[in-house]
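# Summary of the model geometry
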Amino acid sequence: MLDVALKLLREITSNHYKAYIVGGFVRDYLLGIESSDIDITTNATPKQIKEIFEDSCLPNEDYGSVTVIKKGIRFEITTFRKEIGYLNNRKPAEVRYIDDLYEDLIRRDFIINALCMDENGDIIDYLGGKEDISNRIIRTIGNSDESFSDDSLRMLRAIRFATILDFSLSEDIKESIMKHRDLLKSLSYYRKKEELDKIFTSSNYKRGILMLLELGLDEYLEIPNLSKVLDSNINNLIGIWSLLNVTNKYPFNKNELELIHDINQVLPLKNTDPYVLYQYGLYVNSVACEIKNQNIKELNEAYDHLVIKTRKDIVIDSFQIMEILNKKPGKYISEIYENLEREILYHRLNNNQEDIIQYILEKYGGVGM
Ligand code: ATP
Ligand code: MG
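Residues numbered from 1 in each chain as written. Chains lettered and ligands numbered in written order. Predicted model: local features only at pLDDT ≥ 70, side-chain atom pairs only at ≥ 80, totals over all residues. Heavy atoms only, no water.

What follows concerns the packing of helix 9 (residues 189-201) against helix 13 (residues 237-244). Two elements in contact, helix 9 and helix 13, have axes whose closest approach is 9 Å; the angle formed by their N-to-C orientations is 120°. Considering their axes alone, helix 9 and helix 13 lie oblique with respect to each other. The handedness of the crossing between helix 9 and helix 13 comes out as right-handed. Of the residues in helix 13, those touching helix 9 at Lys-193, Leu-196, Asp-197, Phe-200 and Thr-201 are Leu-237, Ile-240, Trp-241 and Leu-244. Of the residues belonging to the contact of helix 9 with helix 13, the class tally is 6 nonpolar, 1 polar and 2 charged. (Axes fitted to C-alpha atoms, helices over the stretch in contact; angles between N-to-C directions. Helix = DSSP H or I, 4+ residues; strand = E, 2+ residues; numbered from the N terminus. Parallel < 35°, antiparallel > 145°, perpendicular 65-115°, else oblique. Left-handed = near helix turned anticlockwise from the far one by under 90°. Contact = heavy atoms within 4.5 Å. Nonpolar A, V, L, I, M, F, W, Y, C, P; charged D, E, K, R; others polar.)

Take the pairing of strand 6 (residues 81-87) next. Each regular strand carries side chains that alternate between the two faces of the sheet. Across 6 bridges, strand 6 lies against strand 7 (residues 91-97) in antiparallel orientation. The residue bridging Leu-87 from the neighbouring strand is Lys-91, located in strand 7. Taken together, strand 6 and the strand that follows it, strand 7, pair antiparallel across an intervening segment of 3 residues, in which Asn-88 is found at a positive phi of about 50°. (Pairing = 2+ DSSP bridges.)

This paragraph deals with the site of ligand 1. Looking at ligand 1, there are 14 residues lining it, with Arg-27, Asn-113, Asp-151, Arg-154 and Arg-160 nearest. Take Arg-27: an N or O atom from its side chain is 2.9 Å from an oxygen atom of ligand 1. One nitrogen or oxygen atom from the side chain of Arg-108 is found 3.1 Å from an oxygen atom belonging to ligand 1. In isolation ligand 1 exposes 580 Å². Once the protein is present, 76% of that is buried. Elements with a minimum of two residues in the shell around ligand 1: helix 2 (24-31), strand 2 (37-42) and helix 7 (153-165). Element by element, the count of residues in the shell around ligand 1 is highest for helix 7, at 4 residues. Looking at the shell around ligand 1 residue by residue, the class counts come to 1 nonpolar, 3 polar and 10 charged. (Near = heavy atom within 4 Å. Polar contact = N/O pair within 3.5 Å; in protein donor to acceptor, adjacent residues only side chain to side chain. Areas by Shrake-Rupley, 256 points an atom, 1.4 Å probe, with all protein chains shown as cover.)

Further remarks concern unusual backbone geometry. Positive phi, normally seen in glycine, also occurs at Arg-136, with a value near 50°. By the secondary structure assignment, Arg-136 is in the loop between helix 5 (129-134) and strand 10 (137-138). For Arg-136, a relative accessible area of 38% corresponds to the partly exposed category. With a phi angle near 60°, Asn-293 is a residue other than glycine that sits in the positive phi range. (Buried < 20%, exposed > 50% of the residue type's maximum accessible area, 1.4 Å probe, protein only.)

Let's shift gears to the packing of aromatic side chains. How two aromatic rings sit relative to each other is given by the distance of their centres and the angle of their planes. This structure, assessed with the given rule, holds 8 aromatic pairs. Ring plane angle 20° and centroid distance 6.2 Å describe the contact between Phe-25 and Tyr-29, whose orientation is recorded as stacked. Pair noted here: Phe-25 and Tyr-29 are both in helix 2, with a separation of 4 residues, about one helical turn. Of the residues examined, Phe-25 reaches a relative accessible area of 6% and is grouped as buried. (Phe/Tyr/Trp six-rings, centres within 6.5 Å; stacked < 30°, edge-to-face > 60°.)

Take a look at the structure:
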């Protein structure tokens, strides 16, 4: 990965521009963590970058930034910039392209995120990033009050990095978050969820949640159930969001909404009940078990012992039902299936044709059906 990145830097510098890897990749490289994408900072404008990487640029709407894909690696190439004034505590009012790396670095969020690497693989550390990494601490570049009121998202980014990297937050950052946490209310739920997703998917998520609680952010993020997550045994994202139960505010896709809905449906039920297991499946029930801190082994065994796992496992089809009752298709068929499922799952009826036919005839064969 590094060799592809250095080669890409050389492609830019051989065109007489400056270019450096910056941010997450350099930070993670020093920590021995594999990165998934690489940020590049350069004094070349997006137009000039597009000229160099004509064939490998993605069409990009983002102002001042070009995405290049090389050998399957995603490079986000951004022009050195100065940000002037901020709107709604989130976005710069004006962005001006500049020629100086240092100036570009000081507009960034944290000292650990302002490390650079040049085309020879040498680290450039103007702001003390290496020292912060060895002290495992997150500090803002410049005054943290100013940094967070310029861009309130940085408060959540600080907690996200502290969680994922298992770093601590500087006292300055903690105090400023307490001071500016009400700004989180005007941040979009989409952005908030992006950061929370990253915190919740970290293996260190419980520490992240503790930080959020200590700083009182559960209230400002409108996730009142947050402390409950600490008492549970959840280890998946959808389980955490189900427990938080904030689908009325935070954005989820259709699939996530269905899962969250189902998990909340089965939470008050007995998850080893054969009918509950059959109806909602193993995944939804095991997430519910994690939330309730219940035994997953027992649940898996109960699932293995289900007589039927889907309607197709019932040894009679709808044509046979119509034939037995001598009737045309109708709603009654699914009603019969629902009863068959329940009877078979609770071992009150054997899943064999003879018994099923007899059951149908006895229950539905009379006049009026
Ligand atoms: P990762 O990619 O692992 O999530 P990263 O540090 O690379 O972490 P990105 O969101 O990719 O984070 O941003 C790249 C760099 O841009 C950061 O390292 C930081 O220098 C700067 N940056 C990103 N978002 C902000 C922000 N909201 N305010 C200031 N600087 C930012
Ligand atoms: Mg990055």
